[in-house]
Structure formats: structure tokens, C-alpha cells
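The residues making up each chain are set out below.
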Amino acid sequence: MSQLMSKEERFQARAIKIAQLAWGKTHPNPMVGALIVEAGQIVAEGWHQGAGLDHAEVHALKSLGRRPLPGATLYVTLEPCCTHGRTGACTKAIFESGIRKVIVGATDPNPAHSGAGIELLRNAGVEVIEGVLAQACTDLNLIFNHWIVKKRPLIAAKIATTLEGKFTIPNSDSKWITGEEARRDVSHWRRYFPAIAVSSNTILSDNSRLTSRQNADIWCGRRFVFDRKLHTLNQVDSLQIFTDSFADQTTVVCDEAAPTASQALLEDSGATIWRFPLVDGHLDFSAFCQRCYSEEICGVYIEPGPTLFNALIQQRKVDYLFHYIAQKYLCNDHEEDHLNLGFLKGSNNLEVTNELRNMQHARFGDDLLARGHL
């Protein structure tokens, strides 16, 4: 955000920070922050803490503990709702509070409701200024926005490559391409998504737990392992995803024709198994997404190796990409070193490209992050 922000933008930036207190905890609802300003001073703050709990505007009003003074302004990162769900309509709460000026960041992404809350407030005599830090407010809710509009989970992929697009060196002992700061950001985004997924190759080589570690806190969402032939079942007793305290949050995704002999051993660990048919030699990813939708898993953060990533890109199954770029070249020229971006593409046409939209950039030490919708 620009350092030369207006007064409205400074307050809205604070509301965004408040919303992020519930980072990854509100699914399938959005993260929303709100604050009440009187005479240029913040007198109350509120945020949506989880599905079924008070919305940010109501939380802020309750935190104030009294009726707002005349001339008070409400800042909110997302357009106030005007329908009655598990909680009451925020537009009604705002009007009844006596507040007559509202600063809104992003509009409601739901086509059925978009703009309706703003119009209702204006018709009731409330001054509404919309679009203040709209892009940053929209960026808060990548998963919610996709879920509401597309009616399916947001599939995001995270990759880390060198400058020439290499993922790793074959048979290398080096586990990381990027530095510690970038890896902390990966953990931050793992906490944002309700589910994380990897290939069986990744689990077998790294034996990772697929958790998010923030300071001393360890959090684990739903864990998916794409293991078409159930190779991981040969190491159920040694892989952390089957033996740690979060084992019951592990699901192995395999071919419907995969052998069932070891399935009981997997289930004894507390893990589950999803079986899908193959399509063009790959697991039916559309069926996987539909199963996620039916279980209200609204976003999946995939950390694929080069083969899985390129297959997903070729099949156009990735909605959002996190691309960490290490400021280094490997410059390998080995014939077997095909672990690079696009090795399955097979096209010499410069018009056939994958592009990032709504791109965001960040720097973490010597590493860069480019992220956006594919």
C-alpha cells in the first residue's frame, strides 16, 4: 500500500489488519474487519471470528459498548450484508446504531447480493463511500470469493523454482530452493487454506507433516496425498502424516482400481481414502473437486512436484498460483534434468500461454513471490 494514503485509506488499512486476526478461521465465510471512528479517533474495532459468530460490524458495535456519537463513521472491509442468515442483517444493525456514514472496501462478490447492502443503506439515508482499498480488501478473501461465485473450491498451487524455472536438482540432498523467510510465508498461506495437498512422491521423499507452524503454534487442516497406486501404504508406520496426532485429518486419493489389501492398515491409523477413476492416465481431478465441494472444503493448497504441477497446468485445473522464485540459476544441462516449468507443454506457439491476473508481488529476503489467478 502507498505511504501517501488518505485518511479513509489509513483507517481502512487498519480494518484490513483487524480482519486478518481471523486468518484462515472463518471458512466458508469471509474475513471481515470493521472499526468505528469518532472525531478522527478509533473508538472500537471488530472482526468476524468464525461462521455463526457476529459479523465484523456487529462485533465493533458491541465492543463500543454504547451508542456511537453523532458524526461517527463505520469502516468495513466488505459490503455489509442485508440478509438474515445465522446472524442478523448488518445493514439493520448499522442503521439502528445511528451511524450515518459508512466506508466500504470490497463489494459483496455474490451476484445475488452485490451492491444490495450499499443501496439499502443509501435508501435509508446513510452516506456510503465504496471502493476504499477495494483491491486489498478483495484480496483478503480469495477462497470465499471463488467459492461464492464458482460454486467449487479454489485450487491453488505453490511452487518454488530458480530463475530458469527449475524445481530441484535430480538426486540432490538439498531440500529447499528458497530461504527461511519465504518458507515462513508458505506456512502463513498453509494456515489460510482449509486443506493442503501433495503427491505421494513428495511425501515419500520429504516425510513432511503438512502443518502450519506459526511461532510455537502448530495447526493442521485437511491433508490430501495424491497416490494413484497407494505407494505410501508401504510406509504407513513411518510416515508422519499417518502417525502424528493429526492422522485422522489425512486422506489418500487414489485410483478406484488400486489394490485394497493394505487399506485396513491405512484406516487403522485414522486416515481415510478417496477413490476416483482415471482420466487420460491421471486421477479425475474434477471428481476430486466435486467431492471437496460436497464436504464443504472450500479451498485446497497444493504443493506439487514438477510432474504433478505441469499435469495440473496442462489440464487447466489450477485457479490460483503462488510462485516463489529464488534468485539463482542452476544451469544444468543433463538430459535427465527435465524438472522445469512447462516440460509437458509441447508447444512452440508464443500465443499459447498461461497468464497471471490480479498479480501481487512480495519479497522475502533474496526470494520473490508472484501470485495471482491463472
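Scroll up to find the structure this text is about.
First, a word on scope: everything that follows refers to the structure included in this document. (Residues numbered from 1 in each chain as written. Predicted model: local features only at pLDDT ≥ 70, side-chain atom pairs only at ≥ 80, totals over all residues. Heavy atoms only, no water.)

**Side note on the overall build of the protein chain**
Move 1: Per the secondary structure count, the protein chain includes 12 helices and 18 strands.
Move 2: By the compact-globule yardstick of 21 Å for 374 residues, the protein chain fits well, its C-alpha radius of gyration being 23 Å.
Move 3: If one aligns the C-alpha atoms of the protein chain with their principal axes, the spans along those axes are about 70 × 45 × 40 Å.
Move 4: Burial statistics for the protein chain: of 374 residues in total, 48% are counted as buried.
Move 5: For the protein chain, the proportion of contacts with a sequence separation of at least 24, taken over those separated by at least 6, is 69%.
Move 6: For the protein chain, the exposed surface amounts to about 18400 Å²; the carbon and sulfur share of it is 48%.
Move 7: Positive and negative charge centroids in the protein chain, built from 38 and 42 side chains respectively, lie 5 Å apart. (Helix = DSSP H or I, 4+ residues; strand = E, 2+ residues; numbered from the N terminus. Rg over C-alpha atoms; globule rule 2.2 N^0.38 Å. Buried < 20%, exposed > 50% of the residue type's maximum accessible area, 1.4 Å probe, protein only. Contact = heavy atoms within 4.5 Å. Areas by Shrake-Rupley, 256 points an atom, 1.4 Å probe, with all protein chains shown as cover. Lys, Arg positive; Asp, Glu negative; His and termini not counted. Charge placed at Lys NZ, Arg CZ, Asp CG, Glu CD.)

**Thoughts on the side chain of Thr162**
Move 1: Inspection of the secondary structure assignment puts Thr162 in the loop between strand E6 (154-161) and helix H7 (180-192).
Move 2: Looking at Thr162, the relative accessible area reads 2%, which means it is buried.
Move 3: Here the side chain of Thr162 touches Glu164 through a polar contact of 2.7 Å, side chain to side chain.
Move 4: Thr162 has contacts with Ile177, Ile325, Ala326, Lys328 and Leu330, leaving out every residue within four places of it along the chain. (Polar contact = N/O pair within 3.5 Å; in protein donor to acceptor, adjacent residues only side chain to side chain.)

**A closer look at empty space enclosed by the protein**
Move 1: Evaluated as defined, the whole model comprises 1 cavity of 30 Å³ or more.
Move 2: Each pocket or cavity is described by its volume, and for the largest cavity that value is around 30 Å³.
Move 3: In terms of lining, the largest cavity is formed by Arg190, Phe193, Ala195, Ile196, Leu210, Thr211, Trp219 and Gly221.
Move 4: Here the residues of the lining of the largest cavity sort into 5 nonpolar, 2 polar and 1 charged. (1 Å grid on protein atoms, 1.4 Å probe; cavity = no way out; pocket = protein on both sides within 12 Å on 5 of 7 lines; lining within 4 Å. Points joined across faces, edges and corners; volume = space filled by probe spheres on them. Nonpolar A, V, L, I, M, F, W, Y, C, P; charged D, E, K, R; others polar.)

**Some points on the sheet that holds strand E17 (residues 357-364)**
Move 1: Here we have 9 strands laid out as an open sheet, ordered E12-E11-E10-E7-E15-E6-E16-E18-E17, and mixed in their pairing. Whereas interior strands pair on both sides, the edge strands pair on one side only; in this sheet they are strand E12 (272-276) and E17. Across the sheet, the mean angle separating the axes of adjacent strands is 20° when strand polarity is ignored.
Move 2: One ladder, built from 3 bridges, connects strand E7 (residues 195-199) with strand E15 (residues 299-302); its direction is parallel. Each residue of the ladder has a partner; that of Ile196, found in E15, is Tyr301. (Pairing = 2+ DSSP bridges. Axes fitted to C-alpha atoms, helices over the stretch in contact; angles between N-to-C directions.)

**Let's talk about helix H1 (residues 7-19)**
Move 1: In this model, H1 (13 residues) spans 19 Å end to end at C-alpha, consistent with the 18 Å of a helix rising 1.5 Å per residue.
Move 2: If you check which residues of H1 are buried, you get Phe11, Gln12, Ala13, Ala15, Ile16, Ile18 and Ala19.
Move 3: On its buried face, H1 sits against strand E1 (33-38), strand E2 (41-47), strand E3 (73-78), strand E4 (101-106) and helix H5 (134-139). (Expected span 1.5 Å × (residues − 1).)

**A short note on unusual backbone geometry**
Move 1: For the bond running from His27 to Pro28, omega is 5°, close enough to zero to count as cis.
Move 2: The topology assignment puts Pro28 in the loop between H1 and E1.
Move 3: Phi at Asn207 takes a positive value of approximately 50°, unusual for a residue other than glycine.
Move 4: Looking at where Asn207 falls in the secondary structure, it is placed in the loop between helix H8 (200-206) and strand E8 (212-214).
Move 5: According to the relative accessible area criterion, Asn207 is partly exposed, its value standing at 24%.

**Let's talk about the environment of Asn358**
Move 1: For Asn358, the position within the fold is in strand E17.
Move 2: Overall, the relative accessible area of 49% leaves Asn358 in the partly exposed class.
Move 3: Taking the C-alpha atoms as reference points, Asn358 and Glu267, separated by 91 residues in sequence, lie 42 Å from one another.
Move 4: Contacts of Asn358, omitting those with residues within four sequence positions, involve Arg371, Gly372 and His373.
Move 5: Here the side chain of Asn358 touches His373 through a polar contact of 3.4 Å, side chain to side chain.

**Describing the nonpolar core**
Move 1: With 71 residues, the main nonpolar core has Ile36, Val102, Trp189, Phe193, Phe322 and Tyr324 as its most contacted residues.
Move 2: It is H1 that contributes the most residues to this core, 5 residues altogether.
Move 3: Setting aside residues up to four positions removed in sequence, Val102 forms contacts with Leu74, Val76, Ile94, Leu121, Val126, Glu127, Val128 and Ile129.
Move 4: Membership of the second largest hydrophobic core comes to 24 residues, among which are Ile155, Phe285, Cys289 and Phe309. (Core = buried A, V, L, I, M, F, W, Y, C linked by side-chain atoms within 4.5 Å.)

**Comments concerning H7**
Move 1: With 13 residues, H7 extends 19 Å between its outermost C-alpha atoms, agreeing within 8% with the 18 Å of an ideal straight helix rising 1.5 Å per residue.
Move 2: Looking at H7, one finds that the buried residues are Ala182, Asp185, Val186, Ser187, Trp189, Arg190, Arg191 and Tyr192.

**Re the environment of Gln315**
Move 1: Tracing the backbone shows Gln315 in the loop between helix H12 (306-314) and strand E16 (320-325).
Move 2: Taking the relative accessible area as the measure of exposure, Gln315 reaches 29% and is therefore partly exposed.

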